[in-house]
Amino acid sequence: ADVMLSSYSQHTLSYALASAFPAIVQRFYDSVLEPVFNALVPTLTSIKALAPQSVVYATLISGNLILATAFGIYAMTISAATLCNGLALAASVRLLRCKQ
């Protein structure tokens, strides 16, 4: 939480993605990240207290890259599903027009 409340978070890839795609990032957080974070935060907090600062920073950077990659996959999946739904709808409309 201390990183999120600092100005450091404004210079992360995750922050940039959230600024660029707020609605999709919120869906990603609600459906994927929130359950994981709720389960892991107590453990991560205790590990952070024991770990050297260099390990904490390396973990933050790695975690940020992993989150950005996971978001990219999530966004592409949503885009592909939306595209498939749109194509199916267009095909259905075309089929109905042909039957008339």
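Residues numbered from 1 in each chain as written. Predicted model: local features only at pLDDT ≥ 70, side-chain atom pairs only at ≥ 80, totals over all residues. Heavy atoms only, no water.

Enquirer: Can you help me understand the packing of helix α3 (residues 22-50) against helix α4 (residues 53-99) in this one?
Expert: The description of two packed helices rests on the angle between their axes and on the distance between the axes. Viewed as axis vectors pointing N to C, α3 and α4 meet at an angle of 155 degrees, and their least axial separation amounts to 11 Å. Taken together, the axes of α3 and α4 lie roughly antiparallel to each other. Pair α3 / α4 crosses with right-handed handedness. Across the interface between the two elements, Ile24, Val25, Arg27, Phe28, Ser31, Val32, Leu33, Phe37 and Lys48 of α3 pack against Val56, Leu67, Ala70, Phe71, Tyr74, Ala75 and Ile78 of α4. Here the residues of the contact of α3 with α4 are counted per class, giving 13 nonpolar, one polar and two charged. (Axes fitted to C-alpha atoms, helices over the stretch in contact; angles between N-to-C directions. Helix = DSSP H or I, 4+ residues; strand = E, 2+ residues; numbered from the N terminus. Parallel < 35°, antiparallel > 145°, perpendicular 65-115°, else oblique. Left-handed = near helix turned anticlockwise from the far one by under 90°. Contact = heavy atoms within 4.5 Å. Nonpolar A, V, L, I, M, F, W, Y, C, P; charged D, E, K, R; others polar.)

Enquirer: What exactly am I supposed to notice about the side chain of Asn64 here?
Expert: On the secondary structure map, Asn64 appears in helix α4. Under the relative-accessibility criterion, Asn64 is labelled buried at 13%. Polar contacts involving the side chain of Asn64 include one to the side chain of Ser14, which spans 2.3 Å. Not counting residues within four places of it along the chain, the set of residues in contact with Asn64 comprises Thr12, Leu13 and Ser14. (Buried < 20%, exposed > 50% of the residue type's maximum accessible area, 1.4 Å probe, protein only. Polar contact = N/O pair within 3.5 Å; in protein donor to acceptor, adjacent residues only side chain to side chain.)

Note that all results are geometric; they support no functional claim without further evidence.
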